[in-house]
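Per-entry structural report
Spelled out, the chains give:
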Amino acid sequence: MITIPVYELLLLPEVTFFFKKDMFPEGRIKEQNIGEEILFVLQKKEIAPEEISMENIFPVGVMGIIENIDEEGSVKITTRKRVQVTRVEYTDGMVQADVHFQLPQLRFLIVD
């Protein structure tokens, strides 16, 4: 699974997105990654990947699949579901994370 931290980007489940290859870290997305899962970790503020921690991300991420990479360098990704991010860290030159596929129940407060 490839983990990509993002900031100020709205990602919803069950949507197909087209990204330019240069949006991703150098050499991180290649032809052999087609079909691989990708996790978008949503940052609270823009930071360097080396500084990532649970304190500066939102606990809900979006999981998807890398569908295709075309000749112009566009990467087609279809998001699948929201996931709960339980661990995130920068090791071995990349961001790595653990997720749970069951999100906690959301509670809404209706105020009259």
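For the structure, see preceding data.
First things first, this report covers the structure right here in the doc.

About the thresholds
- Residues numbered from 1 in each chain as written.
- Predicted model: local features only at pLDDT ≥ 70, side-chain atom pairs only at ≥ 80, totals over all residues.
- Heavy atoms only, no water.
- Core = buried A, V, L, I, M, F, W, Y, C linked by side-chain atoms within 4.5 Å.
- Buried < 20%, exposed > 50% of the residue type's maximum accessible area, 1.4 Å probe, protein only.
- Helix = DSSP H or I, 4+ residues; strand = E, 2+ residues; numbered from the N terminus.
- Contact = heavy atoms within 4.5 Å.

Moving on, we come to the nonpolar core. Counting 16 residues, the largest nonpolar core has Leu-11, Phe-24, Ile-29, Ile-38, Phe-40 and Ile-77 as its most contacted members. The set of elements that each furnish at least two residues to this core consists of strand S1 (2-6), strand S2 (16-20), strand S3 (37-42), strand S4 (60-69) and strand S5 (74-91). Sequence-distant contacts of Ile-38, defined by excluding residues within four places in its chain, comprise Ile-2, Ile-4, Phe-24, Ile-29, Val-62, Met-63, Gly-64, Ile-65, Ile-66 and Ile-77. One finds Ile-52, Ile-57, Ala-97 and Val-99 within the second-largest nonpolar core, a separate group that totals 12 residues.

Structurally, the position occupied by Val-41 is in strand S3. Separated by 34 residues in sequence, Val-41 and Tyr-7 have C-alpha atoms that sit 8.6 Å apart. Contacts of Val-41, omitting those with residues within four sequence positions, involve Thr-3, Ile-4, Pro-5, Val-6, Ile-52 and Ile-57.

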